Amino acid sequence: MSALVVQELSRNFGGVQALSDVSFSVEAGERRLIIGPNGAGKTTLFNLLSGIFSASNGSISMFGRDITRLSVHERARMGLARTFQITNLFPQLTVFENLLLALQAADKSAFDLQRPMKANRHLYERAEVLLGEWGLVPVSGKFAREISYGEQRQVDLLLAMAVQPKVLLLDEPMAGLSAAESVRVVGMIRSLPREITILLIEHDMDIAFDLADRITVLHQGCLIAEGNGEEIRGNPQVSEIYLGVE
Ligand SMILES: Nc1ncnc2c1ncn2[C@@H]1O[C@H](COP(=O)(O)OP(=O)(O)OP(=O)(O)O)[C@@H](O)[C@H]1O
Ligand SMILES: [Mg+2]
């Protein structure tokens, strides 16, 4: 079954055609890498998939259901989660509180940080388990604004994974990280359950090709190639784009 089917998806911003007639599908459990030069439309694609922007044209379905007109919230409730190209944490809250809020958003019961801890015990416990599993206990009590950029990106990823999504959209999770931090984040992504369908935008192809089952290449808003790592590496049009030769 396809986790996502995108048909003739387009979006323009004024005169800019950010995404143009893009069609592709992603199988359930697949790890799909999205590459393309700056301005290719990768983040726009994620914004359309997650419902932050509406499509100018075309359709999106998730596990067979048309989600083109659903809100961000409705899509999230169906199991779609994402990270952003820029960190999306509440800087004035601790890492633990940020995680609690993410867990609460996916939880049916009402939640309020001011309520006694007992009332939300299951969420607190889950947050503790997740921080332990991912080695983030040392930053748990720190404000999001005071941890390093690399730590923030790891917490971003943790927040997106914490809601047990069916489809996870990761927008450059390794951007700006040190080599050691990248290795850690790649490890986090790699160790996610195979049932989670992952779409990953990444510039560093050496890292990302390894993670992906298939690769989709965007250029100037158009889908120009799709295939496995070998096919994409051997694709002359893709090489030209990356060498800056038109
Ligand atoms: N909200 C917006 N308003 C106006 N133009 C936008 C908006 N979002 C994206 N664009 C334009 O759409 C095009 C595609 O941008 P997008 O951010 O999707 O590219 P990208 O592939 O993610 O690039 P990068 O690798 O730099 O992150 C660009 O020309 C960009 O300026
Ligand atoms: Mg982008």
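This brings us to the sheet that holds strand β4 (residues 57-62). Each strand in a sheet pairs with another by means of backbone hydrogen bonds, the pair being arranged parallel or else antiparallel. Judged by pairing direction, the sheet is antiparallel, and its 4 strands sit side by side in the order β2-β1-β4-β5 without closing on themselves. Only two strands of the sheet have a single partner each, and these edge strands are β2 (16-27) and β5 (65-66). Pairing analysis gives 2 bridges linking β4 to β5, with the strands arranged antiparallel. Counterpart to Ser61 in the pairing with β5 is Asp66. Seen against the sheet, helix α1 (residues 42-50) touches β1 (2-13), β2 and β4 and runs at an angle of roughly 115° to β1.

This brings us to the site of ligand 1. Near ligand 1, the surroundings consist of 15 residues, among which Gly39, Lys42, Thr43, Thr44 and Gln85 are the closest. One of the side-chain N or O atoms of Thr43 is found 2.8 Å from an oxygen atom in ligand 1. Here ligand 1 has 630 Å² of accessible area as a free molecule, and 65% of this is covered by the chains. Residue assignment for the shell around ligand 1 shows that the elements contributing at least two residues are β2 and α1. At 3 residues, α1 tops the list of elements feeding residues into the shell around ligand 1.

Calculation notes
Residues numbered from 1 in each chain as written. Chains lettered and ligands numbered in written order. Predicted model: local features only at pLDDT ≥ 70, side-chain atom pairs only at ≥ 80, totals over all residues. Heavy atoms only, no water. Pairing = 2+ DSSP bridges. Helix = DSSP H or I, 4+ residues; strand = E, 2+ residues; numbered from the N terminus. Contact = heavy atoms within 4.5 Å. Axes fitted to C-alpha atoms, helices over the stretch in contact; angles between N-to-C directions. Near = heavy atom within 4 Å. Polar contact = N/O pair within 3.5 Å; in protein donor to acceptor, adjacent residues only side chain to side chain. Areas by Shrake-Rupley, 256 points an atom, 1.4 Å probe, with all protein chains shown as cover.

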